[in-house]
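# Overview (structure and organization)
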Amino acid sequence: MSDAVFPDLPGIKWNIKRAPIWKTLSQESVSGKEMSVALMTYPNRRYSMAYEVLRAGAEAELQTLEGFFNARQGRHDTFLYSDPDDKTVTDQVFGTGNGTTTAFPLARVRGGFTEPVQSVNGAPTIKVAGVTKTPTTDYTISTLGVVNFVVAPANGAALTWTGNYYWRVKFLQDVAEFDQFLKDLWQLQRIEFRTVKQ
C-alpha cells in the first residue's frame, strides 16, 4: 500500500469522469415483487481521464506519469488521489460526544450523503464544541482516519474538523498506452482508477 500521490500535471482534458459504484443483490419473485439488498454502505468511485499533451522534454511530464504508473506495477499497488472537486471540508461534523466514546472516524458529507475519510492530507483542525484541540496532547489520528481522543468528549459536544483528504485508489488496467504525435509531445487517451476501501 503506497502513500505516493498521483501527480498533478497540465495537459489533462476537460472530460474527467467520476462514477459512484454500488453493489446490490436483487431478486424478483414469481408474483413480480422485487427484493433488493445493498451490499455496501458507501460506494466505490471510478475515475477516468485523458491527457491531450504530455511533454517529454525538459518538463518530463511523460516520464513522470509513466514512472508513476510503473512504480505501482499497473493495478498491483494503491496510491493516493487528490480529487480537485472533492478534497476538502470546513467545520465538517464527524460525531457527537457521549462522555464515554473516545474514537470517532472522520467523515465528509456531500449532497446530504455521509462517507468516511480514511486518508488525511496534512494536519487537520479538530474541534470539540467549537474549541480547537491540540494534536498529540488532546488526540491522535490513525492511518485509517479515526480520531482517538485522550479524554472522551462531553455528552452532546459536536465534533468538527477542517482539512484536506485523499482518496485511496488503484489503477484499473495493467497497461497505459502513450501515443507520440510530435517530437517530445505525447498523449494518453485514457487512464482509469477506482477507490479502494481499507
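Refer to the structure above for everything that follows.
Residues numbered from 1 in each chain as written. Predicted model: local features only at pLDDT ≥ 70, side-chain atom pairs only at ≥ 80, totals over all residues. Heavy atoms only, no water.

## A closer look at the overall build of the chain
Inclusion rule: Here a strand is any run of E in DSSP of at least two residues, a helix any run of H or I of at least four, and the numbering for each starts at the N terminus. Between the two quantities, the radius of gyration covers C-alpha atoms and the globule rule is 2.2 Å times the number of residues to the power 0.38. For the exposure calls, accessible area comes from a 1.4 Å probe over protein chains only, and a residue counts as buried if that area is under 20% of its type's maximum, exposed if over 50%, partly exposed in between.
A tally of regular secondary structure across the chain gives 1 helix and 16 strands. The C-alpha radius of gyration computed for the chain amounts to 21 Å, which surpasses the reference 16 Å derived for 198 residues by more than 25%, pointing to a less compact arrangement than a globule. C-alpha extents for the chain along the principal axes are approximately 65 × 60 × 25 Å. Each of the 198 residues in the chain was classed as buried or not, and the buried ones make up 35%.

## Some points on the pairing of strand β4 (residues 44-55)
We count it as follows: For two strands to count as paired, DSSP must find a minimum of two bridges between them.
Pairing between strand β1 (residues 17-21) and β4: 5 bridges, direction antiparallel. Residue Lys17 lies in a different strand from β4, and its bridge partner there is Ser48. As defined by bridge partners, β4 adjoins strand β16 (residues 185-195) across 7 bridges and the pair is classed as antiparallel. Residue pairing in the sheet places Tyr51 in a bridge with Leu188 of β16.

## Some words on the nonpolar core
The following threshold applies: Only buried residues count toward a nonpolar core, which is a set of Ala, Val, Leu, Ile, Met, Phe, Trp, Tyr and Cys residues joined through side-chain atoms within 4.5 Å. Two residues qualify as a contact provided that any one of their heavy atoms is within 4.5 Å of a heavy atom in the partner residue.
Counting 36 residues, the largest nonpolar core has Phe6, Tyr51, Phe94, Phe149 and Phe193 as the members making the most contacts within it. Broken down by element, this core gets its largest block of residues, 6 residues, from strand β14 (residues 158-171). Not counting the four nearest positions on each side in its chain, Tyr51 is found in contact with Phe6, Pro7, Leu9, Pro10, Gly11, Ile12, Leu65, Gln187, Leu188 and Ile191.

## Side note on helix α1 (residues 61-71)
Rules: This arc is built from the directions going out from the helix axis to the C-beta atoms.
Looking only at α1, the buried set comprises Glu61, Leu62, Leu65, Phe68 and Phe69. Along the axis of α1, the buried residues cluster in a sector spanning 140 degrees; they form a single face. Those residues of α1 that are buried lie in contact with β4, β5 (78-81), β14, β15 (178-182) and β16. At the exit of α1 stands Gln73, carrying a positive phi of roughly 55 degrees.

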